[in-house]
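# Observations on the model geometry
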2 protein chains.
Amino acid sequence: MSDSQYQQRKAFFDQLLTIYGRKPVLEALQDPAILIYKLHLASSNREDGIIREIKTLAEQRQIDIEIHDRKALSRISKNGKQDQGIAADLQLSAYQPTSTITKTELSNNKRRYIALDRITNPQNMGMIIRTVAASGIDGIILPRKGGAPLNALVIKASAGTLFRAPLFYCENLAQELLRMQADGAALYGLSSHAKQSIFDNDSNQSQIYILGNETDGVSKAITANCDTMLKIPMHNGVESLNVAITAALIAFLGR
Amino acid sequence: MSDSQYQQRKAFFDQLLTIYGRKPVLEALQDPAILIYKLHLASSNREDGIIREIKTLAEQRQIDIEIHDRKALSRISKNGKQDQGIAADLQLSAYQPTSTITKTELSNNKRRYIALDRITNPQNMGMIIRTVAASGIDGIILPRKGGAPLNALVIKASAGTLFRAPLFYCENLAQELLRMQADGAALYGLSSHAKQSIFDNDSNQSQIYILGNETDGVSKAITANCDTMLKIPMHNGVESLNVAITAALIAFLGR
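Residues numbered from 1 in each chain as written. Chains lettered and ligands numbered in written order. Predicted model: local features only at pLDDT ≥ 70, side-chain atom pairs only at ≥ 80, totals over all residues. Heavy atoms only, no water.

## Regarding the packing of aromatic side chains
The condition is simple: Working definition: rings of Phe, Tyr and Trp (its six-membered ring) pair if their centres are within 6.5 Å, and the pair is stacked with planes under 30 degrees apart, edge-to-face with planes over 60 apart, and tilted otherwise. Labels follow the DSSP assignment, with helices taken as runs of H or I lasting at least four residues and strands as runs of E lasting at least two, numbered in each case from the N terminus.
Throughout the structure, instances matching the rule amount to eight aromatic pairs over all chains. Look at A:Phe252 and B:Phe199: their rings are 6.3 Å apart centre to centre, the planes differ by 20°, and that puts the pair in the stacked class. Residue A:Phe252 is found in helix α10 (residues 243-252), and its partner B:Phe199 is found in the loop between β10 (196-197) and β11 (206-211); the two belong to separate chains. When the centroid spacing of 5.8 Å and the interplanar angle of 90° are considered together, the rings of B:Tyr113 and B:Phe168 count as edge-to-face.

## Section: the UniProt feature "domain: RNA 2-O ribose methyltransferase substrate binding" (unreviewed entry) in chain A
Note the cut-off: UniProt positions are given in the numbering used here, feature names are shortened, and annotations may be inferred rather than shown by experiment.
On the UniProt side, "domain: RNA 2-O ribose methyltransferase substrate binding" (unreviewed entry) is annotated at positions that read residues 18-96 of chain A here. Helix and strand shares over residues 18-96 of chain A are 37% and 30% respectively, and the end C-alpha atoms of the span are 14 Å apart.

## Some details on the relation of the copies chain A and chain B
How we decide: Alignment of the copies relies on least squares applied to C-alpha atoms, considering only residues that score at least 70 for pLDDT in both. Here, two residues are considered to be in contact whenever any of their heavy atoms come within 4.5 Å of each other.
Superposing chain A onto chain B requires a rotation of 180° together with a translation of 0.0 Å along the rotation axis, leaving an RMSD of 0.1 Å. Considering both components of the superposition, the chain copies are consistent with a two-fold axis. When the interface residues of chain A are mapped onto chain B, 100% of them are again interface residues, pointing to one common binding face.

## Quick look at the side chain of A:Asn242
The condition that has to hold: In protein, a polar contact requires one atom able to donate a hydrogen and another able to accept it; more generally it is a pair of N or O atoms within 3.5 Å, and residues adjacent in sequence count only if both atoms are side-chain atoms.
Tracing the backbone through its elements, the reader meets A:Asn242 in the loop between β12 (228-231) and α10. Reaching out from A:Asn242, the side chain makes a polar contact with the side chain of A:Asn124 at a distance of 3.1 Å. When residues no more than four places from it in sequence are discounted, the contact partners of A:Asn242 are A:Asn124, B:Met127 and B:Arg130.

## What to know about the interface of chain A and chain B
How big an interface is tends to be stated in terms of accessible area lost as the parts join. Our working rule: Buried area adds together the accessible area that both of two parts lose upon being put together, with accessible area traced by a 1.4 Å probe. Salt bridges are counted wherever a side-chain nitrogen of Lys or Arg sits within 4 Å of a carboxyl oxygen of Asp or Glu. Each residue gets one label: Ala, Val, Leu, Ile, Met, Phe, Trp, Tyr, Cys and Pro are nonpolar, Asp, Glu, Lys and Arg are charged, and the others, such as Gly, are polar.
Across the boundary between the two partners, chain A contributes 28 residues, which contact 28 residues of chain B. Summing both partners gives a buried area of about 2,300 Å² for chain A against chain B, and 64% of it is carried by carbon and sulfur. The interface formed by chain A and chain B holds zero salt bridges in total. A per-class count over the side of chain A that touches chain B returns 16 nonpolar, nine polar and three charged.

## Re the sheet that holds β12(A)
Residue and element names in this part refer to chain A. Definition in use: At least two bridges found by DSSP between two strands are what make those strands a pair.
With respect to topology, eight strands assemble into an open sheet ordered β5-β8-β7-β6-β11-β9-β12-β10, the strand pairing being parallel. Here the strands that pair on one side only, and so sit at the sheet edges, are β5 (95-97) and β10 (196-197). Where strand β9 (residues 185-190) lies against strand β11 (residues 206-211), five bridges are found, and the strand directions are parallel. Bridge assignment links Ala-186 to a residue of β11, and that residue is Gln-207.

## Looking at the domain arrangement of chain A
All names here are of chain A. What counts here: Where each domain starts and ends follows an automatic or database-derived domain assignment.
Along its sequence, chain A is carved into domain 1 (3-91) and domain 2 (95-252). One C-alpha centre belongs to domain 1, the other to domain 2; they are set 29 Å apart. Of the residues lining the interface, 11 residues belong to domain 1; the matching set on domain 2 comes to 10 residues. Together, the buried faces of domain 1 and domain 2 total about 930 Å²; carbon and sulfur atoms form 64% of this surface. Our enumeration of links across domain 1 and domain 2 arrives at zero salt bridges. The interface formed by domain 1 and domain 2 contains zero residue pairs in polar contact (both at pLDDT 80 or more). Elements supplying a minimum of two residues to the side of domain 1 that touches domain 2: β1 (16-20) and α2 (22-30). In terms of residues, the side of domain 1 that touches domain 2 owes the most to one element, β1, which gives four residues. When the residues that make up the side of domain 1 that touches domain 2 are grouped by side-chain class, the tally is eight nonpolar, one polar and two charged.

Here it is as C-alpha cells:
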C-alpha cells in the first residue's frame, strides 16, 4: 500500500464511529440519512424479532454483515457488557478530524466552536450535541478519549442528532487547541470564577469556547493557554449552571 | 378566628412546601438560609446516625418536631413510598401565589416570567428552576398540580436552588394566565411549529413565555389564548430542543 493510499484508508477509518446495542443499531439502520459501513453480529445471538429485523434492514441496504465470536465482538464494541451482541460502524456525515479546521478556515472567517474538556455525563454530552447542532454554530471539538464515549446513552440523550451534528475529534485536546490558537482562533475557557461575561465578548476572531468537566471545570493545562476566561453572570446566589445550559447560551446567544 | 386572621393563616400555609426523604431534609436543615416551619418524623424511625443528626440540628435551630404514626406521616409527605419516615415544611423565601403578580406590577413594568404547563420530568423541572433563578428574570409560574411535584428529585436536579428561586404557584394555570393577560401581560407559547422566532420578539409589555409538556407541548386550551406562538430557530434538521435548554435561552435572552 502506498503512503497516500494508507493516509486515505486511515482517514476513512478515522471517520467511523462504532455504536452498539440493539436499539441504537436498529435506529441507525432505519434512518436512511445515516451511512453504515459494516454491521457486526455475535454468533451467539438468538434469531429473535429484533435481530431478524436488523438483518433484513442491513440486507436491504446492502450493508456488509460480519459474524464474530462473542469475544471478538466485544473487542469491536469496546463494551462487551452492554453491546447485546451487536455493533455497527457508522460513517457520520459530519464527523471529522480537527485537522480539517485549517489556518485559512480560522483566520479568514469568524468561526465559532465549543470544545469539550472531559465532559463525563452522557446526558450532558447528548444534550450538548443536540443543542449545538440546532444552533448552527460551526461545531463541537472533542478528544477521542477522556470524556463520555459516544455510545447508545449519548445517542439517546442527543435525540438522534449525533448522526448529523458537526463533530470534530482529535487525539490531544490541549495540543490541538494550541495549534488552532496559533492558526488564528481565540481560546475562551468557561469558569464561574471569571470576571468577564460571555455577553460582553465582542471579538472578531474565530472563537473556541472551552467547557470543562462537570466537577472540576476546565483543566489547568488548558486554562493556562486561554486568551480569556469567561463566566455567565448569575443571580439569586446560584453558583453554577449545568454544562449543557452553558453550551446552549454560548451557542445561541454569545455572538 | 376572624376573616382576616383566616386569610393570613391561609397565606402562611400556602407558602409552605413540604419535602421528604432523609437527605433532602438533612440538607435543608444544614442550610441556614432555609426557613423550616416544622419537622415531621414517623414513630417507626430507628434512631440511626442520620435521624439523630436531623433531630440535633432541628433542636439547635428550635424547629418544632412532630412525631406521627407511619400512615399519618405518609399523608403529610404525600409519598409514603419514598418519604423514608421523614418530612419537613419549608418556608421558601421566594415561593408565593401568582395573585402577588398584580395588574400594577404587570402594566407598570416590563416583567418576564416563564410558565410551566405540565413539565413532568423532575430532571427538567430542576434544571429549569436552577437556570431561571440564575438568569434573574422575574420568576417561574407553575400550577400546584399537573407537573412534576417539587420533591427530592427536583431539589437535587435544581442543585439546591429551589429554595431561593422565584416561584409563583397557582391552582389553575390556564385561568391565571388569562387573568394576567387581562392585566397587561402578553402570552407567548413555545412551539417548534411556530413561524416567529423568539429572537425577533421585541414587545415592550410584560411577557409570559409558556413551556409545554415534554411530549405534546403547550396544551390546546392555553395555546388558544396565546398572543403569539414562538419558536427557537433550528439548524441541521434538529426538530426540537430539551425544554430546559429552551427555558435557558428565553431566560437569558432579554437581558
